[in-house]
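# Per-entry structural report
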Number of protein chains: 2
Amino acid sequence: MPQSPIRKLVPFAEEAKKKGINVLHLNIGQPDIKTPQIALDAVKNNTIEVLAYSRTEGSEAYRTKIAEYYDKNDIHIDADDIIVTTGGSEALSFTIGSIADTDDEIIIPEPFYANYNGFSTALGVKVIPITSTLEDNFALPSIEAFEKLITSKTKAILICNPGNPTGYLYTKEEIKKLALMVKKHDIFLISDEVYREFTYDGIEHYSILQEEGLDNNAIVIDSVSKRYSMCGARIGYLVTRNKEIIKTAIKFAQARLSPPTYAQIASEAALQTPQKYFDDVITEYVKRRDLLIEELLKIEGVKVARPKGAFYCIAELPIKDADDFAQWLLEDFRVNNETIMVAPAAGFYATPGLGKNQIRIAYVLEEESLKRAVNILKEALKSYIS
Amino acid sequence: MPQSPIRKLVPFAEEAKKKGINVLHLNIGQPDIKTPQIALDAVKNNTIEVLAYSRTEGSEAYRTKIAEYYDKNDIHIDADDIIVTTGGSEALSFTIGSIADTDDEIIIPEPFYANYNGFSTALGVKVIPITSTLEDNFALPSIEAFEKLITSKTKAILICNPGNPTGYLYTKEEIKKLALMVKKHDIFLISDEVYREFTYDGIEHYSILQEEGLDNNAIVIDSVSKRYSMCGARIGYLVTRNKEIIKTAIKFAQARLSPPTYAQIASEAALQTPQKYFDDVITEYVKRRDLLIEELLKIEGVKVARPKGAFYCIAELPIKDADDFAQWLLEDFRVNNETIMVAPAAGFYATPGLGKNQIRIAYVLEEESLKRAVNILKEALKSYIS
């Protein structure tokens, strides 16, 4: 199993904290946004007396409500097209396990969420990276580039939309191109859409489940973690109209018996979250993003792609080795007794050598802290380079 | 992925229920015992505002308290020897993933919990069965028989103690024999001890973690599911003093981020459950077991091994095909508008052809229902055979 790109920095962050240093975390995807009250209350008011297994695929009632949620978002599916999982992580594991055998291949645009590699490796499936670039805002690589990588072993293309770690939001045209290609080669298109509610600048998210004629090829990974700031619930879902995939994935689901019961109560209630909650969250993230990008671009030598979704961006720094820089920030650099923890981006690339001068920044801090964090980055770069 | 032995019966049970038939479930390991109030209350009184990821390996506080629980049970381990998982299922997945590669082998005495096969297959690991017999009460097969099966591919022996589906409780002597053997061949001994609190007739459970000199070989799978009637929590743990295994298993754990937060709150509180709760539960199960075995032995042609732990037994029936019998019970047989659902035992054997005339009975029904259920079995056998 590959190591998480952040894990090896954790001891240095802990060491700094022990010394009384305030560490501002730009490295994690854990939002500081409050969980909707309606979800918290549902758990506090539960009337369970025997905490029994739930249904393997999630309760009928919950899956019906999820289908209604998608319906409101112009995605028309049945409750039976959904398997409720223990986090989006498990939805992805079940998907890979259901479509690929040992030594099969999945093509993923890099940089990508590091755990995609972890799940694939655990199941003996090989990740084939295709590089997207900061210069191109991390847009979809050309279809020609994809086709060069497709072999008889290729079982799927996996995208994250909007993207972690890039914040890139695929356009309808890009999705249509991908759809054509996967149909042509009779492979799957897996889309991790856990950040689907987080799109900015008035651009609407276009799901692969909205694409006609893709019913047998499209598999969506979804999760309540970021949508409702409920990372600790561990509830996600696998969504596909392909009945064979549902049938196979349910066998994996049966082996682990059921998704967690309390978390399903919270997640079912969360579907009633008022629209204002999302509007406020989006407003907050846009403010943070604008502040972050504006301040980053003021720093000499820093390049950044403007994210259109999620709450991450990749920044290129005028340094050689972001791993070393990230560790140095924690060990040696302080401004007013504060420092920052960033995620070196090399861990999001499968191609060796790529992303070494890049970091991922999660804008999950409120404005004042974010401002201080970028200032620390600016001062740190001056000091580190000289 | 292999199918669960019960799954294909589910539609027939649902059909019967639709017709207004009362189906008594002897097939499931879902106890009807109430969850300890202290655990339920902890969740109802939680003060979470942001439902954040917990620590990948489970909170320090919770793991410390688990170590104290083991300490009281004469098992001396540190909090760092524990990884909290999403159910015992995940603990087993992480264990197999950590010790074996594709095509490696794990030896398991059969009949065994069917999902052992599922997890192994999903990871490309081969299950090698070694048969234990009803005639021998499902005791440990001879060490000679084990040694015949050990090859360079063998990575571990996996036992369930006390056993699902057999109810067999391994003696200290049997554990010592296994310990000697795994040390001799330098392989792991994995013990699923989720039923450890359920031992009867005054016999004490002997854990592989109590065996001296086995620190590097012993891995225990544990869970709160049955102990506190909290199957829906989905909390288990992997316990080993082997630091390398902990290190590798944590990488698997990181990929799925964290175990569910609410469930950890319930599980941590459950550790404060008063001893009286367990005493009452044990008394109840012993009563049920005694009733069940006594009534089963009254039926002509039925053989059964007297369980010393857990809440299952394997019964051999005077029939040829328990799959067919189980389906017939649901489709065609009723006593006073009631029937029973049983688990055909062939699904618990990996060797083809074995267990075809056996069923697993879970004594998770209260006495009156259990009595009616055994009566239905008796009447059904008369009618089915003639």
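So, here's what we can say about the structure. Remember, it's a predicted structure, so these values are computed and weren't measured experimentally.

### Quick word on the interface of chain A and chain B
At the junction of the two partners, chain A supplies 52 residues and chain B supplies 52 residues. One can count two salt bridges joining chain A with chain B. Linking Glu49(A) and Lys34(B) is a salt bridge whose minimum nitrogen-to-oxygen distance equals 3.5 Å. Sorting the residues of the side of chain A that touches chain B by element identifies helix H2 (37–44), helix H5 (115–122), helix H8 (243–255) and helix H9 (261–270) of chain A as the ones contributing at least two each. At five residues, the largest contribution of residues to the side of chain A that touches chain B is made by H8(A). Per-class residue counts for the side of chain A that touches chain B are 25 nonpolar, 17 polar and ten charged.

### Quick notes on a negative patch on the surface
A contiguous patch of negative charge on the surface is contributed by Glu14(A), Glu15(A), Glu331(A) and Asp332(A). Relative to the helices and strands, Glu331(A) is located in helix H11 (residues 322–332).

### Observations concerning unusual backbone geometry
Each neighbour pair has its own omega, and for Asn161(A) with Pro162(A) the value is -10°, a cis peptide bond. Along the chain, Pro162(A) falls in the loop between strand E5 (154–160) and helix H7 (172–185). Between Glu110(B) and Pro111(B) the backbone carries a cis peptide bond, its omega angle lying at 0°. The topology assignment puts Pro111(B) in the loop between strand E3 (105–110) and helix H5 (115–122). In this model, Phe138(A) sits at a positive phi of 65°, which is unusual for a non-glycine residue. Note that Phe138(A) resides in the loop between strand E4 (126–131) and helix H6 (143–149). Overall, Phe138(A) belongs to the buried group, its relative accessible area being 2%. We note that Asp186(B) has phi near 55°; this positive angle belongs to a residue other than glycine. Along the chain, the position of Asp186(B) falls in the loop between helix H7 (172–185) and strand E6 (188–192). Classification of Asp186(B) as exposed rests on a relative accessible area of 66%.

### Considering the sheet that holds strand E8 (residues 236–239) of chain B
Residues and elements named next belong to chain B. Judged by pairing direction, the sheet is mixed, and its seven strands sit side by side in the order E2-E8-E7-E6-E5-E3-E4 without closing on themselves. The open sheet has two edge strands, strand E2 (82–85) and strand E4 (126–131), and neither has a second partner. Strand-to-strand twist across the sheet, computed as the mean angle between neighbouring axes with direction ignored, equals 20°. Judged from the four bridges that link them, E6 and strand E7 (residues 218–223) form a sheet pairing that is parallel. In the strand pairing of E7, Leu-189 is matched with Ala-218. Packed onto the sheet, helix H8 (residues 243–255) meets E2, E6, E7 and E8 and runs at close to 20° relative to E2.

Criteria and thresholds
- One numbering rule holds for all chains: residues counted from 1, following each sequence as written.
- Working convention: letters from A go to chains and numbers from 1 go to ligands, in the order in which they are written.
- Under the rules for a predicted model, residues below a pLDDT of 70 receive no local features and side-chain atom pairs below 80 are neither given nor counted, while totals for whole chains, interfaces and linings still include all residues.
- Side-chain numbers here rest on the full set of heavy atoms in the structure, without hydrogens or water.
- In what follows, residue pairs with any heavy atoms lying within 4.5 Å of each other are defined as contacts.
- We count a salt bridge whenever a side-chain nitrogen from Lys or Arg sits within 4 Å of a carboxyl oxygen from Asp or Glu.
- Helix and strand assignments follow DSSP, with helices taken as H or I runs no shorter than four residues and strands as E runs no shorter than two, numbered in order from the N terminus.
- Note on residue classes: Ala, Val, Leu, Ile, Met, Phe, Trp, Tyr, Cys and Pro are nonpolar, Asp, Glu, Lys and Arg are charged, and everything else, Gly too, is polar.
- In this scheme, patches are assembled from residues that exceed 30% relative accessible area and form no salt bridge. Like charges are connected within 9 Å, while nonpolar side chains (Val, Leu, Ile, Met, Phe, Trp, Tyr) are connected within 5 Å.
- Working definition of accessibility: Shrake-Rupley area with a 1.4 Å probe, residue cover restricted to the visible protein chains.
- Only four residue types enter the charge count: Lys and Arg as positive, Asp and Glu as negative, with His and the chain ends excluded.
- The atom standing in for a charge is NZ when the residue is Lys, CZ when it is Arg, CG when it is Asp and CD when it is Glu.
- When a residue's accessible area, from a 1.4 Å probe over protein chains only, is under 20% of the maximum for its type it is buried; when over 50% it is exposed; and in between it is partly exposed.
- Two strands pair under a simple rule: DSSP has to find at least two bridges between them.
- Whenever a helix is involved, its axis is fitted only over the stretch in contact; in every case the axis is a line through C-alpha atoms, and angles between N-to-C directions fall within 0 to 180 degrees.

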